[in-house]
Protein chains: 2
Amino acid sequence: MLKTADHLYLQVADNIEQLIEKDVLKIGEKLPSVRNLSKQQGISLSTAFQAYYHLESKGLIESRPKSGYYIRFNSRRMPDIPTSCDPVKKATDVTVHEMVDAVFQHMANDDVMKFSVATPPPSLLPAAKMAKAVVQAMRELQDYGIGYEQLQGNVRLRRQLALQSLNWGGAYTENDVITTNGCVDALTLCLTATTQPGDTIAIESPSYYGATLLAEGLGLKVLEIPTHPITGVDLEYLDKAIPRHKIKACLFVPNFNNPIGCCMPDKNKRELVRMVEKYDIALIEDDIYGDLYFGKQRPATCKTFDKKGNVLYCSSVSKSVAPGFRVGWTIPGKYKDKVLQMKRHHAIACPTITHASVAYFLETGRYENHLRNLRKILHTQFLRYSQAIMEYFPESTKIARPQGGCVLWIELDPHINTYELFQQALKHKISFVPGRVFSLRDRYSNCLRISFSVPWSKQVEDSLKLLGKLIRKMQ
Amino acid sequence: MLKTADHLYLQVADNIEQLIEKDVLKIGEKLPSVRNLSKQQGISLSTAFQAYYHLESKGLIESRPKSGYYIRFNSRRMPDIPTSCDPVKKATDVTVHEMVDAVFQHMANDDVMKFSVATPPPSLLPAAKMAKAVVQAMRELQDYGIGYEQLQGNVRLRRQLALQSLNWGGAYTENDVITTNGCVDALTLCLTATTQPGDTIAIESPSYYGATLLAEGLGLKVLEIPTHPITGVDLEYLDKAIPRHKIKACLFVPNFNNPIGCCMPDKNKRELVRMVEKYDIALIEDDIYGDLYFGKQRPATCKTFDKKGNVLYCSSVSKSVAPGFRVGWTIPGKYKDKVLQMKRHHAIACPTITHASVAYFLETGRYENHLRNLRKILHTQFLRYSQAIMEYFPESTKIARPQGGCVLWIELDPHINTYELFQQALKHKISFVPGRVFSLRDRYSNCLRISFSVPWSKQVEDSLKLLGKLIRKMQ
């Protein structure tokens, strides 16, 4: 009974949300009273209340005292989206390494408002449940878990991770999975397993600086592929680039790409997989944000369409369970033996206790429930942050439309240097990531990435307001 | 009082051990009765008993029923030591990778007698104390430790590790230390921080296959430097090789090198450091076995003599506390910023809970006590294993004289292929590491590495006996 009721208010709220999106209900317009809504829809008063409360928590409607509910926000009426690959080129004396250092040297400082961290804070994660799982792990593991685990990883963890693949249309077993020290470690192993130093790999543009710098550090050449802010990598361009540049592997984030947040349509994913099969090259798929979708359904992955084993799927629990546990994994397809070899050289084994703990947490079956809440919170925060940025940043500001994840990509006027803005903001104890670091070329210096993972508060709003002021001063 | 008594029996035992070593007391000779020893030395009967018991546990003397104690073993009368770099070349169809795979695919099989594992088993490690430390970590860490720790690593752990450096004449602070996911991770970060793919590095010969394959996987060329079984790397050879081969970094294990077990004399360490300073190249020093010395004193490290920051010291707690925790560290000297950058790309952070736990264990001050016991056990096992190998292997067998650590390097007749021997042994559920994998050239195919970390037992003795039989059959 509770389930049906639960379902009912969401259904009503979703219908209203769609009317807002389609601009049938316009900003400022009054909604029916709770009593009328209840009559119209044939639902109880409390269900009607719940529906409005849900929409209000998302920032879509607001209640005005003694007057009722009004439309407050329409995400489709947001400003323009950023241009995909029309980069502004500008000379700069600061290297990407130095910028990344500058951004992350304030990580340990609790005074700073960290719009720079693309990871949900511990307050949104199941800390107490994980602590319980750690205690269980020590109780159940031989010698309290001080010994090595097997090379491929904890078998109970691998089984749980294989089961997770059902959510995106995979049907893998524990034999297909290799655990790693977080997702970057999975990327390292997959890159070293599929390339030689001197080889060229393809990445999105803009793309996560961590992966790019990692690849460059491994002696790989990196080719940036134009990327559309809604549909992702330009496949036509890629099809020509692969033979021309002798590309050996693609390293893409098809779901909720960091920083743009776009989600490649299934059609494109299928086409991309056929393409890497045609050239017989590797596709390293970073799906770390895949579970954090805002829509109704978990998006598919490229691995979903992988028949020949060319896709090396990579992910971790860092964005949804416990970043400090450093638990990641890969399903490396036909490169499995090579990846295992790389794991032996780079890691020997993963930490026994933390990996077993994640297995035990997943076995409780509480992950789905936790994810449902986390997704709702992140979606709501996305709407709140976007609204504030629309309100406080200059009108010419362009904002991406992430369909999941926890970051917002923002494009400012061409002449604004966001690294200078970052230095200004830091004086006011606000940090974000300047756009320049998301490319190895001299691009995106007028862009910035803002994470919306810090829970919404007056302080968050004030910080965004202040950031808007600083931008206006630079115009 | 107890301390003095404790000291007294060891003093008496040590004196007798020295007489055995100097061949004053010869194998088969009868020792004074306990009563006479007590009178001669002016010690209590119980102290005299303890001294003999200690020597017996080390396998140096034996008691014969109703007769008394007799000299059983003299480590100086062991067979010849293996030749340093007089490698036997032999064509082989199996790659080093395949051999390593073959050796380690039986890791999870409890039936196999694993002379292949160069790590003390959990039974010799402080498992319960570590479990306590994990519980303390969860209690004291914010949000039970599910969040990221800072990039450089847990500050309490770094402080403890810096204090450890006092044992080998270092005087470092927490600011000098960077924590890593075990020692191989430290080696990876140091290699990527000091070299570019295509560069050449120098290593010992024979040397640990893990490090060599790792370096090769990172696109580095590897030059093997002749290594003496007692004094380590041939410095004269190295001095010529560095400019000739444009060597960018040396990756050496100066203390209890794996697999030879040699310990470079201080004079050579100092000379090696001056050499890398002269050419201004990096010396990556793997000191993972440094605490497991058999002698009276912790050996110095190359880092001890490092004035200009050219030495990147690397170690871990995997050989002495908890291999499954994957806690390692580096003191990278002048390369610190670069190593931190590499850590950001490769790891983001280390696992919060396990790293904090090791800090808390070290803070209890019980590490020294634990190490004292572990060293005694390993030294005793070394003597037991050597004795059995002398007894059961053919007379032409050459055995290394490790001065610490937990592996024995053994050289058989030139025509014996130890990979074939390995395959034979595996049928009898015995594993070891064939010598061939300790070089990237075609060397050491008549050598093998036997770890003496499995506690001595009838089963161990029987396995060594069987191994001896298999070798005789191949002669």
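Scoring rules and cut-offs
- Numbering of residues starts from 1 in each chain and follows the order in which that chain's sequence is written.
- By the order in which they are written, chains take letters starting at A while ligands take numbers starting at 1.
- Where totals are concerned, whole chains, interfaces and linings use all residues; where local detail is concerned, this predicted model gives features only for residues with pLDDT of at least 70, and gives and counts side-chain atom pairs only at 80 or more.
- Side-chain calculation: all heavy atoms of the structure are included, whereas hydrogens and water are not.
- Helix numbering and strand numbering both begin at the N terminus, where a helix is a DSSP run of H or I of at least 4 residues and a strand a DSSP run of E of at least 2.
- The reference for a compact globule is 2.2 Å times residues^0.38; the radius of gyration itself is calculated from the C-alpha atoms.
- We call two residues contacting when some pair of their heavy atoms lies within 4.5 Å.
- Working definition of accessibility: Shrake-Rupley area with a 1.4 Å probe, residue cover restricted to the visible protein chains.
- Asp and Glu are treated as the negative residues and Lys and Arg as the positive ones, with His and the ends of the chain left uncounted.
- Where a charge lies is defined by one atom per residue type: Lys uses NZ, Arg uses CZ, Asp uses CG and Glu uses CD.
- Exposure classes here rest on a 1.4 Å probe applied to the protein chains alone. A residue is buried below 20% of its type maximum, exposed above 50%, and partly exposed in between.
- Identification of polar contacts relies on pairs of N or O atoms within 3.5 Å, with a donor-acceptor requirement for protein atoms, meaning one able to donate a hydrogen and the other able to accept it, and with residues adjacent in sequence counted only if both atoms are side-chain atoms.
- Only residues with pLDDT of at least 70 in both copies contribute their C-alpha atoms to the least-squares superposition of the copies.
- Domain boundaries shown here were taken from an automatic or database domain assignment.
- Just to be clear on terms, a salt bridge is a Lys or Arg side-chain nitrogen sitting within 4 Å of an Asp or Glu carboxyl oxygen.
- When two parts are put together, the accessible area they lose, computed with a 1.4 Å probe and summed over both, is reported as buried area.
- Axes, fitted as lines to C-alpha atoms, cover a helix only where it is in contact. Angles between the N-to-C directions of the axes lie from 0 to 180 degrees.
- For a crossing to be left-handed, the near helix must be turned anticlockwise from the far one by less than a right angle; the clockwise case is right-handed.
- Gly is placed with the polar residues, together with every amino acid not listed as nonpolar (Ala, Val, Leu, Ile, Met, Phe, Trp, Tyr, Cys and Pro) or charged (Asp, Glu, Lys and Arg).
- Paired strands, in this sense, are two strands between which DSSP finds at least two bridges.
- In this description, the arc belongs to the directions extending from the helix axis to the C-beta atoms.
- Geometric relationships in this document are graded by angle, where less than 35 degrees denotes roughly parallel, more than 145 denotes roughly antiparallel, 65 to 115 denotes roughly perpendicular, and other angles denote oblique.
- Ring pairs are drawn from Phe, Tyr and Trp, using the six-membered ring of Trp, whenever the two centres fall within 6.5 Å, and their geometry is named by plane angle: stacked under 30 degrees, edge-to-face over 60, tilted for the rest.
- Put simply, a charge is over a ring when the Lys NZ or the Arg CZ is close to the ring centre, within 6 Å, and near the line of the ring normal, within 35 degrees.
- A score from 0 to 100, pLDDT tells how confident the predictor is in each residue.
- Residue types Ala, Val, Leu, Ile, Met, Phe, Trp, Tyr and Cys, when buried and joined through side-chain atoms within 4.5 Å, form a set referred to as a nonpolar core.
- Two cysteine sulfur atoms form a disulfide, by the criterion used here, when they sit within 2.5 Å.

Caption draft 1: Spotlight on the overall build of chain A. Within chain A, the secondary structure is distributed over 15 helices and 16 strands. Over its C-alpha trace chain A gives a radius of gyration of 23 Å, about what one expects of a compact globule, namely 23 Å for 475 residues. By its C-alpha atoms, chain A is 70 × 60 × 45 Å across when sized along the principal axes. Contacts in chain A between residues at least 24 apart in sequence constitute 75% of all its contacts with a sequence separation of at least 6. Within the structure as shown, chain A displays about 18,800 Å² of accessible surface, and the carbon and sulfur contribution to it stands at 50%. The centroid of the 61 positive side-chain charges in chain A is displaced by 4 Å from the centroid of its 48 negative side-chain charges.

Caption draft 2: Local environment of the side chain of Thr301(A). Residue and element names in this part refer to chain A. Following the sequence through the fold, Thr 301 ends up in the loop between β9 (282-286) and β10 (311-316). Overall, the relative accessible area of 0% leaves Thr 301 in the buried class. Engagement of the side chain of Thr 301 in a polar contact is seen with the backbone nitrogen of Lys 303, the distance being 3.2 Å.

Caption draft 3: Inspection of the relation of the copies chain A and chain B at higher detail. Least-squares fitting of chain A to chain B yields an RMSD of 0.2 Å, with the superposition described by an axial translation of 0.0 Å and a rotation of 180°. Taken together, these values place the two copies in the relation of a two-fold axis. Most of the interface of chain A is mirrored in chain B, where 100% of its interface residues again form contacts.

Caption draft 4: Local environment of the domain arrangement of chain A. Entries for chain A in the domain assignment read domain 1 (2-76), domain 2 (78-125 + 369-474) and domain 3 (128-365). Taking only C-alpha atoms, the centre of domain 1 of chain A and the centre of domain 3 of chain A are 39 Å apart.

Caption draft 5: Representation of the pattern of salt bridges in the model. Inspection of every chain in the model, using the stated rule, returns 34 salt bridges over all chains. One salt bridge connects Arg298(A) with Asp287(A), and the closest N-O pair in it is separated by 2.7 Å. Highlighted residues: Arg298(A) in the loop between β9 and β10 and Asp287(A) in the loop between β9 and β10, separated in sequence by eleven residues. Take Arg298(A) and Asp287(A): they sit in the same class, and that class is buried. Here Arg156(B) and Glu140(B) are joined by a salt bridge, their closest N and O atoms 3.3 Å apart. Residue Arg156(B) is located in helix α6 (residues 155-164), and its partner Glu140(B) is located in helix α5 (residues 127-140); the two are separated by 16 residues in the primary sequence. Several salt bridges converge on common partners, so that one network encompasses Glu62(A), Arg64(A) and Arg72(A).

Caption draft 6: How the structure looks around the interface of chain A and chain B. Contact with chain A, which involves 49 residues of that partner, is made by 49 residues of chain B. Of all residues in chain A, the largest losses of buried area upon contact with chain B belong to Ile146(A), Tyr148(A) and His345(A), amounting jointly to 17% of the total for that side. In this structure, the connection of chain A to chain B is made through two salt bridges. Ionic pairing is found between Arg344(B) and Asp101(A), a salt bridge with its closest N-O pair at 2.6 Å.

Caption draft 7: Quick look at the packing of helix α7 (residues 182-194) of chain B against helix α8 (residues 209-217) of chain B. All names here are of chain B. Between α7 and α8, the shortest axis-to-axis distance is 11 Å and the interhelical angle comes to 35°. Handedness of the crossing formed by α7 with α8: right-handed. Between α7, through Val 184, Leu 187, Thr 188 and Leu 191, and α8, the contact on the second element is made entirely by Ala 211, Leu 214 and Ala 215. Counted by class, the contact of α7 with α8 contains six nonpolar, one polar and no charged residues.

Caption draft 8: Quick look at the sheet that holds strand β13 (residues 407-411) of chain B. All names here are of chain B. The four strands are arranged β12-β13-β16-β15 in an open sheet whose pairing can be described as antiparallel. The outermost strands of the open sheet, each flanked by one partner alone, are β12 (398-399) and β15 (433-434). Relative to strand β16 (residues 447-451), β13 runs antiparallel, the two sharing five bridges. The residue bridging Glu 411 from the neighbouring strand is Cys 447, located in β16. Along the sheet, helix α13 (residues 367-392) makes contact with β12, β13 and β16, crossing β13 at roughly 20°.

Caption draft 9: Structural view of the environment of Glu277(B). One can find Glu277(B) in helix α10 (residues 266-279). The exposure class of Glu277(B) is buried, given its relative accessible area of 14%.

Caption draft 10: Main features of helix α14 (residues 418-427) of chain B. All names here are of chain B. Taken as a whole, α14 has its buried residues at Thr 418, Tyr 419, Leu 421, Phe 422 and Ala 425. Burial along α14 is one-sided: seen end-on, the buried residues are contained in an arc of 150°. On its buried face, α14 sits against α4 (96-104), β14 (430-431), β15, β16 and α15 (458-474). One side-chain oxygen at the N-terminal end of α14 lies 2.8 Å from the backbone nitrogen of Tyr 419; it belongs to Asn 417. Positioned one or two residues after α14, Lys 429 has a phi angle of 60°, which is positive.

Caption draft 11: Structural view of the packing of α6(B) against helix α12 (residues 352-363) of chain B. All names here are of chain B. Interaxial distance between α6 and α12 falls to 8 Å at its minimum, and their mutual angle equals 50°. Regarding the angle of α6 to α12, the classification is oblique. In this structure, the crossing between α6 and α12 has a hand that is left-handed. Residue-level inspection shows Arg 156, Leu 157, Gln 160, Leu 161 and Gln 164 of α6 in contact with α12, the latter providing His 355, Val 358, Ala 359, Tyr 360, Leu 362 and Glu 363. Residue composition of the contact of α6 with α12, by class: six nonpolar, three polar and two charged.

Caption draft 12: The packing of aromatic side chains, seen in detail. For the coordinates displayed, the defined rule picks out 34 aromatic pairs over all chains. Taken together, a centroid distance of 5.5 Å and an interplanar angle of 70° make the contact between Tyr209(B) and Phe438(B) edge-to-face. Here Tyr209(B), found in helix α8, pairs with Phe438(B), found in the loop between β15 and β16; they are 229 residues apart in sequence, far enough to count as distant. Judged on exposure class, the residue Tyr209(B) and its partner Phe438(B) are both buried. Aromatic ring contacts, followed pair by pair, group Phe104(A), Tyr208(A), Tyr209(A), Trp409(A), Phe438(A) and Tyr444(A) into a single cluster. Above the ring of Tyr70(A), the side-chain terminus of Arg64(A) is found at 3.9 Å from the ring centroid.

Caption draft 13: View of the environment of Leu464(B). Residue and element names in this part refer to chain B. Here Leu 464 lies in helix α15. Overall, the relative accessible area of 0% leaves Leu 464 in the buried class. Along the primary structure Leu 464 and Tyr 335 are separated by 129 residues, whereas in three dimensions their C-alpha atoms are 45 Å apart. If we skip the residues at most four places from it in the chain, Leu 464 touches Phe 115, Tyr 385, Ala 388, Ile 389, Tyr 392, Phe 393, Ile 450 and Trp 456.

Caption draft 14: Fine view of unusual backbone geometry. Residue Pro259(A) follows Asn258(A) across a cis peptide bond; omega there is 20°. You will see that Lys429(A), though not glycine, has its phi angle at about 60°, which is positive. At Phe256(B), a position not held by glycine, the phi torsion is positive, near 55°. Among the secondary structure elements, Phe256(B) is positioned in the loop between β8 (247-252) and α10. In this structure Phe256(B) comes out as buried when scored by relative accessible area, which is 3%.

Caption draft 15: Region of the structure containing the confidence of the model for chain A. Looking at chain A as a whole, the pLDDT averages 91, with 95% of positions reaching at least 70. Low pLDDT, under 50, characterises residues 86-92 of chain A; the stretch is placed with 19 contacts to residues that sit more than four places away or in other chains.

Caption draft 16: Structural detail: the nonpolar core. In this structure, Ile450(A) and Ile450(B) are the most contacted members of the largest nonpolar core, which totals 270 residues. Apart from the residues lying within four places of it in its own chain, the contact partners of Ile450(A) are Phe115(A), Tyr385(A), Ile389(A), Phe393(A), Cys406(A), Val407(A), Leu408(A), Ile410(A), Phe432(A), Leu464(A) and Leu467(A).

Caption draft 17: Up close: the state of the cysteines. Throughout the structure, instances matching the rule amount to zero disulfides over all chains. Cysteine Cys302(A) is unpaired, with the sulfur of Cys250(A) as its nearest cysteine sulfur at 9.6 Å.

Caption draft 18: Expanded view of the pairing of strand β1 (residues 61-64) of chain B. Pairing analysis gives four bridges linking β1(B) to strand β2 (residues 68-71) of chain B, with the strands arranged antiparallel. Residue pairing for β2(B): Glu62(B) is matched across the bridge by Tyr70(B).

Caption draft 19: Layout of the pairing of β10(A). Residues and elements named next belong to chain A. Counting buried positions over the six residues of β10 gives six, a clear majority of the element. Burial of β10 is two-sided: the residues Val 311, Tyr 313 and Ser 315 facing one way and the residues Leu 312, Cys 314 and Ser 316 facing the other way are all buried. Bridge count between β9 and β10: four bridges; the pairing is parallel. Counted as the bridge partner of Ile 284 is Leu 312 from β10. The sheet contact formed by β10 and strand β11 (residues 328-331) spans four bridges and is antiparallel. Paired with Ser 316 across the bridge in β11 is Gly 328.

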